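Here's the letter readout for the chains.
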Amino acid sequence: MRELLLDAEGFCTRAQVHENLARTFDFSADYAYTLDALYDQLCACPPTRLTLRHAELLVDTLGMYGEFLLRVIAGVASENGDLLLNFE
């Protein structure tokens with residue numbers, strides 16, 4: 001199982017979040033930087049433990065979009081045993 005760390009501190013825009021997700025998870029080049037595309041990519045990822053630091057800052061900075069983003073990640077983790085999610 002691969003271990004990944006995503007620190008949300010310093011993310012100011014949706015694009016920054018998606019760029020970091022794409023880099024961290026090594027998403028395919030056709031990743032569309034949308035919540036639907038994020039869901040699809042996370043569902044297809046190999047067994048992974050993701051530690052998400054400062055998740056609350058996503059909501060503070062991005063508002064409802066930050067909440068939706070966290071719901072997508074948490075939803076995939078609850079549906080798919082290959083993605084384990086930890087919050088720090």
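Check the entry above for the structure.
Because the structure is predicted, anything quoted here is derived from the model rather than measured.

Draft legend 1. Up close: the environment of Asp-30. In this structure, Asp-30 sits in the loop between α1 (14-25) and α2 (35-43). By relative accessible area, which is 61% here, Asp-30 ends up exposed. Expressed as a C-alpha distance, the spacing of Asp-30 and Asp-82, which sit 52 residues apart in the sequence, is 22 Å. There is a polar contact of 2.4 Å between the side chain of Asp-30 and the side chain of Ser-28.

Draft legend 2. Seen up close, the pairing of strand β2 (residues 48-53). With six bridges connecting them, strand β1 (residues 2-7) and β2 associate as parallel partners. Residue pairing for β2: Arg-2 is matched across the bridge by Thr-48. Judged from the five bridges that link them, β2 and strand β3 (residues 83-87) form a sheet pairing that is parallel. Its bridge partner being in β3, Thr-48 is matched across the sheet by Leu-83.

Conventions adopted
- Residues numbered from 1 in each chain as written.
- Predicted model: local features only at pLDDT ≥ 70, side-chain atom pairs only at ≥ 80, totals over all residues.
- Heavy atoms only, no water.
- Helix = DSSP H or I, 4+ residues; strand = E, 2+ residues; numbered from the N terminus.
- Buried < 20%, exposed > 50% of the residue type's maximum accessible area, 1.4 Å probe, protein only.
- Polar contact = N/O pair within 3.5 Å; in protein donor to acceptor, adjacent residues only side chain to side chain.
- Pairing = 2+ DSSP bridges.

Purely geometric numbers; function is a separate question.
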